[in-house]
Amino acid sequence: MKTRVFSGMQPSGNLHIGNYLGALKNWVRIQHDYECIFCIVDLHAVTLYQHPSELRSKIREIAALYLAAGIDPRVSAVMVQSSVAAHAELAWMLTCVTPVGWLERMTQYKAKAAKQESVGDGILQYPVLMAADILLYQAGIVPVGDDQAQHLELTRDIALRFNSLYGETFVVPSTSLPTVGARIMGLDDPEQKMSKSASGANHAVALLDPPDRIRKTIMRATTDSQPCVQFETAGPGVLNLLSIYQAFSGWDDGQIRQHFEGMRYGDLKKQVAEMVVSQLAPFRERYQQIVGEPGYLDRVLHEGAERVAPIAQETVRLVKERMGLYS
Ligand code: AMP
Ligand code: TRP
C-alpha cells in the first residue's frame, strides 16, 4: 500500500509564492508517488474571525488554486476540513492527552497571542486540530513549509503519547520540507517570513497577481547597500531573491552562483521578476478555466470528502475502542 500524504492550507488571505514554493509545488511533485489528501482547513481559519461570505468564497478560491497549480483531483483527494466532522471529533480526543504546556510553547501561538487583547481558545488548540487532521488519515508524510515544522513535532509527540497510553493506534508522521524555498521571506522586509496576513503592498507576490503587479513588487524588493551580488557577503534580501529564482528554476547552487555572481541588483530583480511572471502565467489561465466551469469545483470537493470519509471513520472507530468510549 502507498504511504499516505496529508497537507492543507488555510482559506484566509491570498496564497503567495511562499505557499507555492514551500508546500504546493511539492504536493504536485509527489502526488503520483503517494496516496494524497489535500485539505482546505477552514476550521483552522476561524481561529481568527473571518467574515462568513468572504470565508465561503476563499474556500473555493483555494481549492481552485490547488487545481490550477497542478493537483489532479482524479489522483489526489481535495477536500474541505469542515465537511468531514471526524476532524473536530478526533481533535477533542487528542486534546485530552495534550498538556497545555506543550501548546503554550508553540512559537506561532505566542506570536498570535501577543497580537490579541483576548486570546481565543481556538488559537491555543490550533495545533491539536492540525494533529487530528494528520492522524485521522494515518498519514506518514506531511509536506509543509518550514514554519509548520514545530507543529509537526507536536503532532508526533501527541501520537506517541496516545500510543503509549492506549496502545499502538496512530502512524507517527514525518515532515517533508523542500530543499529550497522552505522559508520565503517578505520582499519588503527580508527579516520577516512572507505571510498571507501581512499588509504591506510590496510584501508578497500572490499567485493570481497580474504580470505588471509582479514586476513592480519584485523591482521594489529590499536588498542592501551593495551594488551587485556577492555570494560571500550577500544580505537576506538578496539571498531571498536568489532562493525564489532557484526554487522556480530548479537550478542547483553551482548554476545559481555562476549565473548571478557579480550581477547588478537591478538586473537580478529583472531576471527574478521574469522567472516568476513566466511560472505563474499558467496559474491564472487554469484558474479562470476552473472557476468558469459551473459545478466543477463543488463536484471535486464533494467527491474528495466522500473518498476520505471511510478512512476517517475507521480511525475514529479505533480511537473510541482504544479509549473505551461508547460506540
Ligand atoms: P498558511 O499560509 O499558514 O496556510 O500555510 C500554508 C502552507 O504554506 C504551509 O505548509 C506553510 O508552511 C507554507 N508557507 C507559508 N508561508 C511560507 C513561506 N513564507 N515560505 C515557505 N512556505 C510557506
Ligand atoms: N497549520 C497549517 C498552516 O497554517 C495548515 C494545516 C492545518 C496543515 N492542518 C494541517 C498543514 C495538516 C499540514 C497538515 O500552514
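The structure presented is a predicted model; accordingly, all values stated were derived computationally and were not measured.

Definitions and cut-offs
- Residues numbered from 1 in each chain as written.
- Chains lettered and ligands numbered in written order.
- Predicted model: local features only at pLDDT ≥ 70, side-chain atom pairs only at ≥ 80, totals over all residues.
- Heavy atoms only, no water.
- Helix = DSSP H or I, 4+ residues; strand = E, 2+ residues; numbered from the N terminus.
- Rg over C-alpha atoms; globule rule 2.2 N^0.38 Å.
- Contact = heavy atoms within 4.5 Å.
- Areas by Shrake-Rupley, 256 points an atom, 1.4 Å probe, with all protein chains shown as cover.
- Lys, Arg positive; Asp, Glu negative; His and termini not counted.
- Charge placed at Lys NZ, Arg CZ, Asp CG, Glu CD.
- Expected span 1.5 Å × (residues − 1).
- Buried < 20%, exposed > 50% of the residue type's maximum accessible area, 1.4 Å probe, protein only.
- Near = heavy atom within 4 Å.
- Polar contact = N/O pair within 3.5 Å; in protein donor to acceptor, adjacent residues only side chain to side chain.
- Nonpolar A, V, L, I, M, F, W, Y, C, P; charged D, E, K, R; others polar.
- Axes fitted to C-alpha atoms, helices over the stretch in contact; angles between N-to-C directions.
- Parallel < 35°, antiparallel > 145°, perpendicular 65-115°, else oblique.
- Left-handed = near helix turned anticlockwise from the far one by under 90°.
- Salt bridge = Lys/Arg side-chain N within 4 Å of Asp/Glu carboxyl O.

Asker: Please provide a residue-by-residue account of the overall build of the protein, values included.
Answerer: Scanning the protein from N- to C-terminus turns up 13 helices and 5 strands. For a compact globule of 327 residues, the expected C-alpha radius of gyration is about 20 Å, and the protein comes in at 21 Å, within 12% of that figure. Across its three principal directions, the C-alpha atoms of the protein cover 70 × 45 × 40 Å. Long-range contacts, defined as pairs at least 24 residues apart, comprise 78% of the intrachain contacts of the protein with a sequence gap of at least 6. Carbon and sulfur atoms make up 51% of the accessible area of the protein, which totals about 15,200 Å². Across the protein, the 32 positively charged side chains and the 35 negatively charged ones have centroids separated by 2 Å.

Asker: How would you summarise helix α3 (residues 52-69) if you had to cite specific residues and measurements?
Answerer: Its 18 residues give α3 an end-to-end C-alpha distance of 26 Å, which sits within 8% of 26 Å, the value for a rise of 1.5 Å per residue. Looking only at α3, the buried set comprises Leu55, Lys58, Ile59, Glu61, Ile62, Ala63, Ala64, Leu65, Tyr66, Leu67, Ala68 and Ala69. Looking one or two residues past α3, Gly70 carries a phi angle of roughly 120 degrees, positive in sign.

Asker: I'd love a proper account of the site of ligand 2, names of residues and values included.
Answerer: Looking at ligand 2, there are 13 residues lining it, with Gln10, Tyr126, Met130, Asp133 and Gln148 nearest. In the environment of ligand 2, a nitrogen atom lies 3.1 Å from a nitrogen or oxygen atom belonging to the side chain of Gln148. Isolated, ligand 2 exposes 360 Å² of accessible area, and the fraction of that covered by the protein chains is 91%. For the shell around ligand 2, the elements supplying multiple residues, two or more each, are β1 (4-9) and α7 (121-136). By residue class, the composition of the shell around ligand 2 is 7 nonpolar, 5 polar and 1 charged.

Asker: Tell me about the packing of α7 against helix α8 (residues 149-166), and name the residues and values.
Answerer: Running from N to C, α7 and α8 cross one another at 70 degrees; their axes reach a closest spacing of 9 Å. With respect to their mutual orientation, α7 and α8 come out roughly perpendicular. Seen along the crossing, α7 lies across α8 with a hand that is right-handed. Residues Tyr126, Pro127, Val128, Met130, Ala131, Ile134 and Leu135 of α7 form the contact with α8, whose participating residues are His151, Leu152, Leu154, Thr155, Ile158 and Ala159. In terms of residue class, the contact of α7 with α8 is built from 11 nonpolar, 2 polar and no charged.

Asker: Lay out the pattern of salt bridges in plain terms, naming residues and giving numbers.
Answerer: Enumeration according to the criterion identifies 13 salt bridges in this entry. Close ionic contact of Glu153 with Arg156 constitutes a salt bridge, the shortest N to O distance being 2.8 Å. Of this pair, Glu153 and Arg156 both sit in helix α8, 3 residues apart, which is roughly one turn of that helix. Judged by its relative accessible area of 17%, Arg156 is buried.

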